[in-house]
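One letter stands for each residue in the lines below.
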Amino acid sequence: MITFNLSIEEVAFALGHVGGADTAAGFLSTLIGERPADELTGRLTAAGHSLLARGLLALAPSAAEATLAPALRRAMESMVRGEDVLRVTVTPPDGEQVVSFFRMDSGALRHEVKQGVVSELVLLEDAASVQRAVADLVAPADLRPTATGPAGRIAAAQLRELRQKANTSSPAELASWLAGTLPPDLALEIGAVMCDASATWSATLRLLTNEIGTVEANRGIFTVFVAEKGWLFDMSGDPAQAQAEVYPLDRSSAAAAVARLMTA
């Protein structure tokens, strides 16, 4: 496993080296907003010098022939291509964490921007590593559910409604909206977790770029957990069915759901 911790400007420079100036400017602008062209040029020039000093960029007689370190180039190529991405958003009560996994032939590049200024890049070499990395984000290690396997199924629209009402409703009210869909005791358990003020939610979406360049996000998995238990809602199946399979949440059920999402 290879890890790089780079400034966002260094990543932008490396992206530009692989994908062109517009790619570099687009990446940087999404993070710092629109800036004058001369400011962007200055930032990217300084980033190039930094990569050179760190041995991640090698100069050549012609600037166009400069080369990135092979592992960094591989990482940048996966970001530029960006045809198959898992986007994980974790939302605890006090913030948000967004991590992207850019799929490659066998593994993926894990990318996270920290504090708005540092990009952490991790090359994951196989599918199992990707599954574990996502599971680590969406399921705490200490969850120990008393049951395994699917516990039921709810409509995707119902899941969205529950998420919207969780902050203003009681567990009993949420359970009543699940009546007829899930067993009463299970509905109440899910309602209690969703309504807990300490609950952490997550959404893992698979972003696919179609043949005309449009990004589609029709499949995903969603989780909610508190200190002792959590639930996973698997929507990696046929989007036309608009159904979510409900599972008790732990690292194992999360990794299995990610595996289904990656191969859907």
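Residues numbered from 1 in each chain as written. Predicted model: local features only at pLDDT ≥ 70, side-chain atom pairs only at ≥ 80, totals over all residues. Heavy atoms only, no water.

> When you look at the sheet that holds strand E11 (residues 230-235) in this model, what are you seeing that I'm missing?
Through backbone hydrogen bonds, the strands of a sheet pair up, either in parallel or in antiparallel fashion. The antiparallel open sheet is built from ten strands, whose spatial order is E1-E7-E6-E5-E4-E9-E10-E11-E12-E8. Sheet topology places strand E1 (2-7) and strand E8 (152-155) at the edges, where each strand pairs with a single neighbour. With direction set aside, neighbouring strand axes in the sheet form an average angle of 20 degrees. In the sheet, strand E4 (residues 84-91) pairs with strand E9 (residues 200-209) via eight bridges, with the strands oriented antiparallel. The residue bridging Thr-89 from the neighbouring strand is Ala-203, located in E9. (Pairing = 2+ DSSP bridges. Helix = DSSP H or I, 4+ residues; strand = E, 2+ residues; numbered from the N terminus. Axes fitted to C-alpha atoms, helices over the stretch in contact; angles between N-to-C directions.)

> Please explain the packing of helix H5 (residues 127-138) against helix H9 (residues 251-263) as it appears in this structure.
It is the contact of H5 with H9, at a shortest axis distance of 8 Å, that shows an interaxial angle of 125 degrees. Taken together, H5 and H9 sit at an angle that is classed as oblique. Remark: the crossing between H5 and H9 carries right-handed chirality. In this structure, H5 uses Ala-127, Val-130, Gln-131, Val-134, Ala-135, Asp-136 and Val-138 to contact H9, whose residues at the interface are Arg-251, Ala-254, Ala-255, Val-258, Ala-259 and Met-262. Classifying every residue of the contact of H5 with H9 by side-chain character gives ten nonpolar, one polar and two charged. (Parallel < 35°, antiparallel > 145°, perpendicular 65-115°, else oblique. Left-handed = near helix turned anticlockwise from the far one by under 90°. Contact = heavy atoms within 4.5 Å. Nonpolar A, V, L, I, M, F, W, Y, C, P; charged D, E, K, R; others polar.)

> Sorry if this is basic, but what is going on with the pattern of salt bridges here?
Side-chain pairs of opposite charge can arise where the charged atoms are in close proximity. Counted according to the given criterion, the structure contains 16 salt bridges. A salt bridge links Glu-39 to Arg-43; the nearest nitrogen and oxygen atoms lie 3.3 Å apart. You can see Glu-39 and its partner Arg-43 sitting in helix H3 (residues 37-53), four residues apart, about one turn around the helix. The class of Glu-39 is partly exposed, set by a relative accessible area of 28%. Note that Asp-234 and Arg-260 form a salt bridge whose closest N and O atoms lie 2.8 Å from each other. Separated by 26 residues along the polypeptide, Asp-234 in strand E11 and Arg-260 in helix H9 bring together distant segments of the chain. Judged by relative accessible area, which is 6%, Asp-234 ranks as buried. Through salt bridges with shared partners, a single network forms among Glu-9, Arg-35, Glu-39 and Arg-43. (Salt bridge = Lys/Arg side-chain N within 4 Å of Asp/Glu carboxyl O. Buried < 20%, exposed > 50% of the residue type's maximum accessible area, 1.4 Å probe, protein only.)

> What's the story with helix H4 (residues 70-81) in this structure? I'm lost.
Helical geometry note: an α-helix holds 3.6 residues per turn, so side chains three or four residues apart project in the same direction. Here H4 spans 16 Å end to end across twelve residues, near enough to the 16 Å set by a 1.5 Å rise per residue. Taken together, the buried positions of H4 are occupied by Ala-71, Leu-72, Ala-75, Met-76, Ser-78 and Met-79. Looking straight down H4, one finds that the buried residues subtend no more than 155 degrees of arc, so they occupy a single side. Gly-82 occupies a position one or two residues after H4 and carries a positive phi of about 50 degrees. (Expected span 1.5 Å × (residues − 1). Arc of directions from axis to C-beta.)

> Is there a simple way to think about the pairing of E9 in this case?
Within a regular beta strand, the side chains point alternately toward one face of the sheet and then the other, so they alternate between its two faces. Examined bridge by bridge, E9 and strand E10 (residues 215-225) share nine bridges and lie antiparallel to one another. For Ser-202, the partnering residue across the bridge sits in E10 and is Thr-223. Taking the residues that link successive antiparallel strands as the turn, the E9-E10 hairpin has five residues, and the phi of Gly-213 there is positive, at about 85 degrees.

> Would you mind going over the nonpolar core with me for this structure?
Among soluble globular proteins, nonpolar side chains are generally buried collectively. Leu-6, Val-11, Leu-72, Met-76, Met-79 and Leu-121 are the most contacted members of the largest nonpolar core, which has 31 residues in total. Elements represented by at least two residues in this core include exactly E1, helix H1 (8-19), helix H2 (21-32), H3, H4 and strand E7 (118-124). Apart from the residues lying within four places of it in its own chain, the contact partners of Met-76 are Val-11, Ala-14, Leu-15, Val-18, Leu-68 and Leu-121. The next biggest cluster of nonpolar side chains, apart from the first, holds 27 residues, and it includes Phe-101, Val-134, Leu-137 and Ala-254. (Core = buried A, V, L, I, M, F, W, Y, C linked by side-chain atoms within 4.5 Å.)

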